[in-house]
Number of protein chains: 2
Amino acid sequence: MPHLNPHDVMTMFAALATLLGCAKLAAELMHKIGQPSILGEISVGIFLGPTVLGHYRPHLYEALFPTTGPMPIVLDTVTTLGVVFFLLTAGLEIDLRSIFRQGKSALLVSVFGVAFPFVAGFAAAGTFPNYMGAEAGADTLIFALFVGTALSISALPVIAKILMDLNLLRTEMGTVIISSAMFDDLVGWILFSFVLGMMHPAAGGSLATSTKHTIVLVLLFVGLTLTLGRWLIDKILPVLQAHTTWPGGVLGFIFTLTLAGAAFTEYAGIHAVFGAFILGIAIGESGHLRKRTSESIHQIVTNVFAPFFFASIGLRINFAANFHLGLTATVIGVACVGKLLGAGWGARLGGMDRNSALAVGLAMNARGAMEIILGILALQAGLIRDHMFVALVVMALFTSLLSAPAIHFLIRRRRTLTLKDVVASKLFLPSVAATTRLGALRELCEIAAEAVSNAPDRLFRIVSERERVLASGWENGLAVPHARINGLTRPLVVVGKSAEGIDFDARDGKPSKLIMMILTGDNQSQHDLLGDASELFSHKEAVDQAVSANSFLELVAALNAPVQ
Amino acid sequence: MPHLNPHDVMTMFAALATLLGCAKLAAELMHKIGQPSILGEISVGIFLGPTVLGHYRPHLYEALFPTTGPMPIVLDTVTTLGVVFFLLTAGLEIDLRSIFRQGKSALLVSVFGVAFPFVAGFAAAGTFPNYMGAEAGADTLIFALFVGTALSISALPVIAKILMDLNLLRTEMGTVIISSAMFDDLVGWILFSFVLGMMHPAAGGSLATSTKHTIVLVLLFVGLTLTLGRWLIDKILPVLQAHTTWPGGVLGFIFTLTLAGAAFTEYAGIHAVFGAFILGIAIGESGHLRKRTSESIHQIVTNVFAPFFFASIGLRINFAANFHLGLTATVIGVACVGKLLGAGWGARLGGMDRNSALAVGLAMNARGAMEIILGILALQAGLIRDHMFVALVVMALFTSLLSAPAIHFLIRRRRTLTLKDVVASKLFLPSVAATTRLGALRELCEIAAEAVSNAPDRLFRIVSERERVLASGWENGLAVPHARINGLTRPLVVVGKSAEGIDFDARDGKPSKLIMMILTGDNQSQHDLLGDASELFSHKEAVDQAVSANSFLELVAALNAPVQ
């Protein structure tokens, strides 16, 4: 019985540490420049793979990611688990009811957004299969169906991230986009499962050997899981919550179901990710699934397991050697034109103005996770050649990169201000000298006035006047004095700490030890910052954390990542 | 480059789903009968392995867990990750400061609790190496050191679980036990790392080929990680919390460090789990690690990844064929006598009475995770024979099984009552007819009176009298009337729901829609139940969940697994 020897185990952990560490670093850098973190995770994999590291430091590459021995199997295992768990969380986020609840706009965007790129991709691939990178001997019809599907599928996690960063997620447009993306993902995966089913017989051998069999099994699986399965899960979850250890019982149930679903779809002749995705949808639909449970899963999966998968994409082939400019440009062109026209036209028909419709098209055009997963499966199945895979990955990266800046340019929506954006170490007073409310406000106003070259007396007059009308003490040792100052060009948050505490007439009678003075020139900024403060400090623990911050850094940590 | 084909992927998911599903089911059953869940996970693995399933249904066994092809590597990968992550969470729970803060008792229990079983095991194994299951050709000194270590190490997670179930964790005795167990684990692992280092040269080849080298590397690793590393981690965590995405940055950092530590210790010539354990300690020491972060990790790891490992133990060998009664009895005898005498005597010297000292010995005697991990490594390294491994696993199961009932018998400490234990569907009134406070109380009292064959008028008089003195409305639609009823032999919690709500004079002025009437015969039960209620309902979300429960089942779910 073959086992991992100590050297294999060492290599495994070294490889996983390198993949995860580099992926997270690149993801954070991408995040800093306002791009989805998945782009960083994929790019860093290309860097660590044969394209760069393998080319310039072949020995180091071979030591970290050996292509012989048990290591390829080890990496396959980890990345397969990573992508299956990732599809589980993607499924958990899909809300079937919200798709149906959306009106005409969402339906038109969904259907056109799938149909146009599908037809464009199908036509291009069917007409020029060889140029488009069909593997020699691959069935042209199946290949064309695959390309159509790969270009029409969406990338819900990437799109949701972009909308969230642009503060568009909770708008009407955002809801239309998200519903349409969910619909496109669902349709795309079902289409792809048929492509896979047509391509190679099921794994079960004698039981299911034909395409027909695969399609019947998949339809049964989707149909039963989303109706009877969904109903059963909704009945079982409260029983588990009532009668098993919390949260172990529920987590065990969710992961066991996911693994079983993955095994079944793989048996049926399509890929394990599909089973995890459909079961994720069925589980996520239950009103009894706690938000906290799905959040725990989401956190560990998206931050630890999914990066293994995304970073491993670049390990598969040499992206430089297999880069074909013409093919890549064609794929990008067909994909963008199909999606922008389809989704955009759908949005126009649904009644949106030209700019909004274009923004919808651009959002739906962002690819990422899903195309690439399809691409890997098609590559493994011998349907596409390496340079088509590279073209698909580059297309996914390019459309995702394009999306956020282009939408931002079109919509020019203000980001909601947060305290974290505004606080500054120059405006942090670690120890307020005063012991009275007015004395403390004067100290803070002096710091503020210096920062904006304003007269401290004027600021103090306005702030203290407002304080007189409405005391600014919140509960648990926090005070948030605030005022609108005409002519202030940027919002200021001055933070002072008092070890003994100062009476700000808080409802709970406690003295305030942390005073956050918010001064803004306009009402919108004030509204944003006060809203952020009241959300941040809605739990006592979060206030405690901010109040007990011993340095400016710890204060920023409390504002960026509050205890919840 | 070898890869997993679709059939391998299907087998992998089927095997993992079977392992996880059965392990969780068995764990929950064990929990129901008051035993640590790890016993269920290990037993179910023995059932699924060659001992039972492989013996009676060899074809099914071979289909699920093939011993040829890539599957053994796949299982090795998943279980190695599982045990490494499990040791990370074990390390996170260790609190170095609390070990040092404990006084004489803990020191005596720790040192005697390690020394006695170590000497006993060392002597037995050194004198009768062959009988004790040394592999042919194994160095007797190394073997004896191993047996001594395996018998002296503790099992912190199992012990903590037992104390928690017996409501002893927060007592002085509990603190002494936990501190001593932490100390024993730390010492045991360091001892074992030396045993491994002496046994076979490091994996690094030319760089570290000798035992001396391994020991130097391990000492450097432990020393640097627990001093400089700990300090650095404590500095870096707030920076990550302030400047990276939350919680992705922190999670990525923790897991990358863990994987890198695992790779390093494997390189140094000892096992990856040791690196994860030491890094877990260093990370857990930081005051900046959020409880929420370690909880997320703990939940997913202990409930999903660790069960893969514990269930896989039984897959390794045939426990029936390799069971040797004499050896097993000897190992159990030496282990129990050494630990009970050592830890118990330490506790007596530290000033405990005889019963408490014996309870300390019994708690420290509970084995589980750690012995077995050592056993697997020793088996893989060719140090012990199969029947010694079986003896170690049986010893771990036996001592854990013995522990809880024996301590319970000695200490006879009441378990704290919880609402979940006391509510009953017969005492649940889904719709209170009355619209007044007294009317509602009368209805609930009638149900209570029927359940205990008491006079409803008497109950009502006492409850309404108490209500007159102190209104029982809590916030957010909850009312908790309570009274002590002389002669009541068991506590009663009668729950009524009112759709419109009834005025119970709550502080927030809201009408109460959920009325939980607590009647007890003694003060302690009342104290327990009111304490449970005030802890359960400290967050508005948790109250909302209970108030909106539509059935008795959903009410139990809210009490068992509150939103936090």
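Residues numbered from 1 in each chain as written. Chains lettered and ligands numbered in written order. Predicted model: local features only at pLDDT ≥ 70, side-chain atom pairs only at ≥ 80, totals over all residues.

**Thoughts on the overall build of chain A**
In step 1: The helix and strand tally for chain A stands at 24 helices and five strands.
In step 2: Here the C-alpha atoms of chain A give a radius of gyration of 27 Å, agreeing with the 24 Å that 2.2 N^0.38 yields for 564 residues.
In step 3: Seen along its three principal axes, the alpha-carbon backbone of chain A occupies a region of about 85 × 60 × 55 Å.
In step 4: Taken over 564 residues, chain A has a buried fraction of 58%.
In step 5: The contacts in chain A between residues at least 6 apart in sequence include a share of 76% that link residues at least 24 apart. (Helix = DSSP H or I, 4+ residues; strand = E, 2+ residues; numbered from the N terminus. Rg over C-alpha atoms; globule rule 2.2 N^0.38 Å. Buried ≥ 20, exposed ≤ 12 C-beta atoms within 10 Å, placed from the backbone. Contact = placed C-beta atoms within 7 Å.)

**Digging into the environment of Ser512 of chain A**
All names here are of chain A.
In step 1: Mapped onto the elements, Ser512 comes out in strand 5 (residues 512-520).
In step 2: Overall, Ser512 belongs to the buried group, with 29 C-beta atoms counted inside 10 Å.
In step 3: Excluding residues that lie within four positions of it along the chain, Ser512 makes contacts with Gly473, Gly477, Leu478, Ala479, Gly501, Ile502, Phe504 and Ala506.

**Notes on helix 12 (residues 248-268) of chain A**
Residues and elements named next belong to chain A.
In step 1: In this model, helix 12 (21 residues) spans 30 Å end to end at C-alpha, consistent with the 30 Å of a helix rising 1.5 Å per residue.
In step 2: Most of helix 12 sits out of view: 20 of its 21 residues are buried.
In step 3: One or two positions beyond helix 12, positive phi appears at Gly269, with a value near 110°. (Expected span 1.5 Å × (residues − 1).)

**Let's talk about the relation of the copies chain B and chain A**
In step 1: By a simple turn and slide, chain B fits onto chain A: the slide is 0.1 Å along the axis, the RMSD is 0.1 Å, and the turn is 180°. Look at the turn and shift together and you get a two-fold axis relating the two. Minimal C-alpha separation from the rotation axis in chain B is found for Ser296 of chain B, amounting to 2.7 Å.
In step 2: By residue overlap, the copies meet face to face through one surface: 100% of the interface positions of chain B are interface positions in chain A. (Least-squares fit on C-alpha atoms with pLDDT ≥ 70 in both.)

**Observations regarding the environment of Trp231 of chain B**
In step 1: Structurally, the position occupied by Trp231 of chain B is in helix 11 (residues 211-243).
In step 2: Considering only alpha carbons, one finds Trp231 of chain B and Lys212 of chain B, 19 residues apart in sequence, at a separation of 28 Å.

**Considerations on the pairing of strand 4 (residues 492-502) of chain B**
Residue and element names in this part refer to chain B.
In step 1: Counting buried positions along strand 4 yields eight of eleven residues, so the element is predominantly enclosed.
In step 2: With two bridges connecting them, strand 1 (residues 428-429) and strand 4 associate as parallel partners. When the bridges of strand 4 are listed, Leu429 appears paired with Gly496.
In step 3: Pairing geometry for strand 4 and strand 5 (residues 512-520), over seven bridges, is antiparallel. Opposite Val493, over in strand 5, you have Ile518 as the bridge partner. (Pairing = 2+ DSSP bridges.)

**A word on unusual backbone geometry**
All names here are of chain A.
In step 1: Residue Pro247 is bonded to the preceding Trp246 through a cis peptide linkage, with omega at -5°.
In step 2: Note that Pro247 resides in the loop between helix 11 (211-243) and helix 12.
In step 3: Positive phi, normally seen in glycine, also occurs at Ser453, with a value near 50°.
In step 4: Tracing the backbone through its elements, the reader meets Ser453 in the loop between helix 20 (437-452) and helix 21 (456-469).

**Quick look at the pairing of strand 5 of chain A**
All names here are of chain A.
In step 1: For strand 5, a buried count of nine out of nine residues is recorded, marking the element as mostly surrounded by other parts of the structure.
In step 2: Inspection of the sheet shows strand 2 (residues 478-479) paired to strand 5 by two bridges, in the parallel sense. Following the sheet pairing, Leu478 is matched in strand 5 by Leu514.
In step 3: Pairing of strand 3 (residues 482-484) with strand 5 involves three bridges; the strand directions are parallel. Residue Ala483 lies in a different strand from strand 5, and its bridge partner there is Leu519.

**Remarks on the interface of chain B and chain A**
In step 1: Taken residue by residue, the interface counts 65 residues in chain B and 65 residues in chain A.
In step 2: Counting only elements with at least two residues in the side of chain B that touches chain A, the list comes to helix 1 (6-32), helix 5 (71-93), helix 11, helix 12 (248-268), helix 14 (291-316) and helix 24 (552-560) of chain B.
In step 3: Broken down by element, the residue count for the side of chain B that touches chain A peaks at 14 residues, all from helix 1 of chain B.

**Comments concerning the packing of helix 2 (residues 37-48) of chain A against helix 14 (residues 291-316) of chain A**
All names here are of chain A.
In step 1: It is the contact of helix 2 with helix 14, at a shortest axis distance of 6 Å, that shows an interaxial angle of 40°. In terms of orientation, helix 2 lies oblique with respect to helix 14. Helix-helix and strand crossings are classified by hand; for helix 2 and helix 14 the assignment is right-handed. Each of Ile38, Glu41, Ile42, Val44, Gly45, Ile46, Phe47 and Leu48 in helix 2 lies in contact with helix 14, whose residues at this interface are Pro307, Phe310, Ala311, Ser312, Ile313, Gly314 and Leu315.
In step 2: Here the residues of the contact of helix 2 with helix 14 sort into eleven nonpolar, three polar and one charged. (Axes fitted to C-alpha atoms, helices over the stretch in contact; angles between N-to-C directions. Parallel < 35°, antiparallel > 145°, perpendicular 65-115°, else oblique. Left-handed = near helix turned anticlockwise from the far one by under 90°. Nonpolar A, V, L, I, M, F, W, Y, C, P; charged D, E, K, R; others polar.)

**Overview of the nonpolar core**
Soluble globular proteins: nonpolar side chains tend toward being buried together.
In step 1: Among the nonpolar cores identified, the biggest contains 336 residues, and Val360 of chain A together with Val360 of chain B are the most heavily contacted of them.
In step 2: Residues in contact with Val360 of chain A, not counting those within four places in the same chain, are Val109, Met173, Val176, Ile177, Ala343, Gly344, Ala347 and Met352 of chain A.
In step 3: Leu444, Val493, Met516 and Ala561 of chain B belong to the second largest nonpolar core, which has 45 residues in total. (Core = buried A, V, L, I, M, F, W, Y, C linked by C-beta atoms within 7 Å.)

**What about helix 10 (residues 172-199) of chain B?**
In step 1: Between its first and last C-alpha, helix 10 of chain B extends 40 Å over 28 residues, near the 40 Å set by a 1.5 Å rise per residue.
In step 2: Across the 28 residues of helix 10 of chain B, 22 count as buried, placing the element largely inside the fold.

**Observations concerning the packing of helix 5 (residues 71-93) of chain A against helix 5 of chain B**
In step 1: Taken N-terminus to C-terminus, the directions of helix 5 of chain A and helix 5 of chain B make an angle of 55°; their axes are 9 Å apart at the nearest point. Between helix 5 of chain A and helix 5 of chain B, the interaxial angle falls into the category oblique. Relative to helix 5 of chain B, the crossing made by helix 5 of chain A is right-handed. In this structure, helix 5 of chain A uses Ile73, Val74, Thr77 and Val78 of chain A to contact helix 5 of chain B, whose residues at the interface are Ile73, Val74, Thr77 and Val78 of chain B.
In step 2: Residues belonging to the contact of helix 5 of chain A with helix 5 of chain B are distributed by class as follows: six nonpolar, two polar and no charged.

**Quick notes on the environment of Glu295 of chain B**
In step 1: With respect to the helices, strands and loops of the structure, Glu295 of chain B is situated in helix 14.
In step 2: Placed 203 residues apart in sequence, Glu295 of chain B and Leu92 of chain B show a C-alpha to C-alpha distance of 10.0 Å.

**Brief notes about the confidence of the model for chain A**
In step 1: Averaged over chain A, the pLDDT score is 88; the fraction of residues at 70 or greater is 97%.
In step 2: Reported for the predicted complex are a pTM of 0.89 and an ipTM of 0.90. (pLDDT = per-residue confidence, 0-100.)

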